[in-house]
Amino acid sequence: MNTRTPPQIVRQAIFSFRGVRYSSTNAIPDSSSINYQPPKSTTQEEPTNSESLKPGQKIYVFYHLQKKNVVYSFTRALNNAHALSQISFNGKKTVPAALRKDLWHPLATLTFPSSPEIGRSVFQKLREYRRRHEQEWDPEDFVKKDDQGNPIPYKKQLRQLGDQKANSIADIAAVLRRLSSSFAEEAGEEEAKGKIGLIGEGTGAKVEVKWSDIYDNAFAEKWSENVKHSVLEPYNNNRDPETRGNSRKQQQEQKRASEASIRAEKKRARRAKYSDVKTRSGIHATKYKALPREEKMEIREKVRLGRERKKEPEYIKKRAKILEKKEAREMREKMKKLNVEDGLDVL
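How each quantity is defined
Residues numbered from 1 in each chain as written. Predicted model: local features only at pLDDT ≥ 70, side-chain atom pairs only at ≥ 80, totals over all residues. Heavy atoms only, no water. Helix = DSSP H or I, 4+ residues; strand = E, 2+ residues; numbered from the N terminus. Buried < 20%, exposed > 50% of the residue type's maximum accessible area, 1.4 Å probe, protein only. Areas by Shrake-Rupley, 256 points an atom, 1.4 Å probe, with all protein chains shown as cover. Axes fitted to C-alpha atoms, helices over the stretch in contact; angles between N-to-C directions. Parallel < 35°, antiparallel > 145°, perpendicular 65-115°, else oblique. Left-handed = near helix turned anticlockwise from the far one by under 90°. Contact = heavy atoms within 4.5 Å. Nonpolar A, V, L, I, M, F, W, Y, C, P; charged D, E, K, R; others polar. Expected span 1.5 Å × (residues − 1). Salt bridge = Lys/Arg side-chain N within 4 Å of Asp/Glu carboxyl O. Phe/Tyr/Trp six-rings, centres within 6.5 Å; stacked < 30°, edge-to-face > 60°. Lys NZ or Arg CZ within 6 Å of the ring centre and 35° of its normal. Pairing = 2+ DSSP bridges. Patch = residues over 30% accessible without salt bridge, like charges linked within 9 Å, V, L, I, M, F, W, Y side chains within 5 Å. Lys, Arg positive; Asp, Glu negative; His and termini not counted. Charge placed at Lys NZ, Arg CZ, Asp CG, Glu CD. pLDDT = per-residue confidence, 0-100.

A tally of helices and strands in the protein yields 11 helices and five strands. For the protein, the residues scored as buried account for 31% of the 347 residues in total. A total accessible area of about 24,800 Å² is found for the protein, and carbon and sulfur atoms account for 51% of it.

In structure tokens:
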């Protein structure tokens, strides 16, 4: 029975969906052959502010979606000049004129919480190994014919030289293995004696590797015990429309909730201020306490009538106001007549 591993299924789906013309020629790792088990996700406190990270404390690994070129960086955003300088010229159009953000994706991140100097040394060794993979190869080992014996086109041969995804993952495992404290015991005498100038070799420095695809670490044959694997969280500027839409909805909901809480707080403050300074009748609290009991009863009755009046329909309120104005007008006219009859000046 022909069974496929999850990486093989995902790989075939990506190429069929995106219509990539030239896929990678490297063999897909078989997780069953190396007794591979997906590691559990680990949480580790990291500085959230990018400015607080020292150069070498975190290494970002990017790869080209079609050509499988690999680039290392100390920053989350790729620099055009620095990234292009890492790509070897193997022939015409093997080095692009500029980076395309839709084709370069994050492969993994390496975090060195103990010492940034170790991270800078690892960064140097990874770049050296990748350059040697691209330039120091045996022509006899280079595949020029496919399984059926047909010659491979020249452009596809150049793509084989640039495809360094599997080699880079194996290099990461090999370099980080030298940092483990048990490297001298596990490695042979010749390998243990031959140092490569790596800072922190054999110190047992802890390293956390976060993968965009957790199954990519199966390209390496073995990982040391000082390495912890976890899943890489998507960036905030991810171009996935679903992720981008969810983040916008969450931001809008948070904004509405914060505005509602601010309005409620202002309303509570206004009520507290009103209750502390004035009573329902509009008289200052200190003056209200100094009034005699009869006046207090009158004020309470006035407040009670005002509350009952508020419960009446609007047309009754308007009618009551009209009647009050009419009565006031009639009263003023009567007063004018009385003043004229008495010979008083009318104001």
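The next thing to look at is the packing of helix 3 (residues 116-135) against helix 5 (residues 165-179). How two helices pack is summed up by the angle between their axes together with the distance between the axes. Direction vectors running N to C along helix 3 and helix 5 enclose 140°, while the axes themselves pass 10 Å from each other. With respect to helix 5, the axis of helix 3 lies oblique. The hand of the helix 3/helix 5 crossing is right-handed. Across from Ile118, Val122, Lys125, Leu126, Tyr129, Arg130 and His133 in helix 3, the residues of helix 5 making contact are Asn167, Ser168, Asp171, Ile172, Val175, Leu176 and Leu179. Residues of the contact of helix 3 with helix 5, tallied by class, amount to eight nonpolar, three polar and three charged.

Here helix 3 is 20 residues long and its end C-alpha atoms lie 29 Å apart, about the 28 Å a rise of 1.5 Å per residue gives. Considered for burial, the residues of helix 3 that qualify are Pro116, Ile118, Gly119, Ser121, Val122, Phe123, Lys125, Leu126, Arg130 and Glu134. Residues of helix 3 that are buried sit in contact with strand 1 (58-64), strand 2 (70-73), strand 3 (104-111), helix 4 (154-162) and helix 5.

A few words now on helix 4. All buried positions along helix 4 are accounted for by Gln157, Leu158, Gln160, Leu161 and Gly162. Where helix 4 is buried, its residues contact helix 3.

This next bit is on the pattern of salt bridges. Under the definition given, this model contains 10 salt bridges. Among the ionic pairs, Lys165 bridges to Asp216, the shortest N-O distance being 3.7 Å. Highlighted residues: Lys165 in helix 5 and Asp216 in the loop between strand 4 (207-211) and strand 5 (227-231), separated in sequence by 51 residues. The partner of Glu201 in a salt bridge is Arg178, and the shortest N-O contact between them spans 2.8 Å. Pair noted here: Glu201 is in the loop between helix 7 (189-193) and strand 4 and Arg178 is in helix 5, with a separation of 23 residues, a long-range link. Taken together, the shared-partner salt bridges connect Arg130, Arg131 and Glu134 into one network.

When you line up the elements, Lys125 lands in helix 3. Judged by relative accessible area, Lys125 falls into the buried class, the value being 9%. Look past the residues within four positions of Lys125 in its chain and what remains in contact with it is Val175, Ile196, Gly197 and Leu198.

Inspection of the entire model under this criterion finds three aromatic pairs. One aromatic cluster is present, built from ring pairs that chain together Tyr72, Phe74 and Phe123. The ring of Tyr63 has Lys165 sitting right over it, with the charged end atom 4.6 Å from the ring centre.

Ordered in space as 2-1-3-4-5, the five strands form an open sheet in which the pairing is mixed. Each having just a single partner strand, strand 2 and strand 5 make up the two edges of the open sheet. Within this sheet the neighbouring strands show an average axis-to-axis angle of 25°, counted without direction. Inspection of the sheet shows strand 1 paired to strand 2 by four bridges, in the antiparallel sense. Within strand 2, the position partnered with Tyr63 by the bridge is Val70. Packed on one face of the sheet, helix 3 meets strand 1, strand 2 and strand 3 and runs near 160° to strand 2.

Right, let's talk about the pairing of strand 1 for a bit. Within a regular beta strand, the side chains point alternately toward one face of the sheet and then the other, so they alternate between its two faces. Judged by how many residues are buried, strand 1 sits mostly within the fold: seven of seven residues are covered. The side-chain alternation of strand 1 yields two buried faces, one formed by Lys58, Tyr60, Phe62 and His64 and the other by Ile59, Val61 and Tyr63. Inspection of the sheet shows strand 1 paired to strand 3 by seven bridges, in the antiparallel sense. When the sheet's bridge partners are listed, Lys58 is paired in strand 3 with Thr111. In this structure, the hairpin formed by strand 1 and strand 2 is closed by a connection of five residues, where Lys68 is found at a positive phi of approximately 65°.

What follows concerns a positive patch on the surface. Taken together, the side chains of Lys318, Arg319, Lys321, Lys325, Lys326, Arg329, Arg332 and Lys336 present a region of like positive charge at the surface. The topology assignment puts Lys321 in helix 11 (residues 314-342).

It is worth spelling out the confidence of the model for the protein at this point. Mean pLDDT over the protein stands at 75; residues scoring 70 or higher make up 68%. Counting contacts from residues 31-51, a segment whose pLDDT is below 50, to residues more than four positions away or on other chains yields 28 contacts. Per-residue pLDDT stays below 50 along residues 237-244; that stretch engages in two contacts with residues further than four places along the chain or on separate chains.

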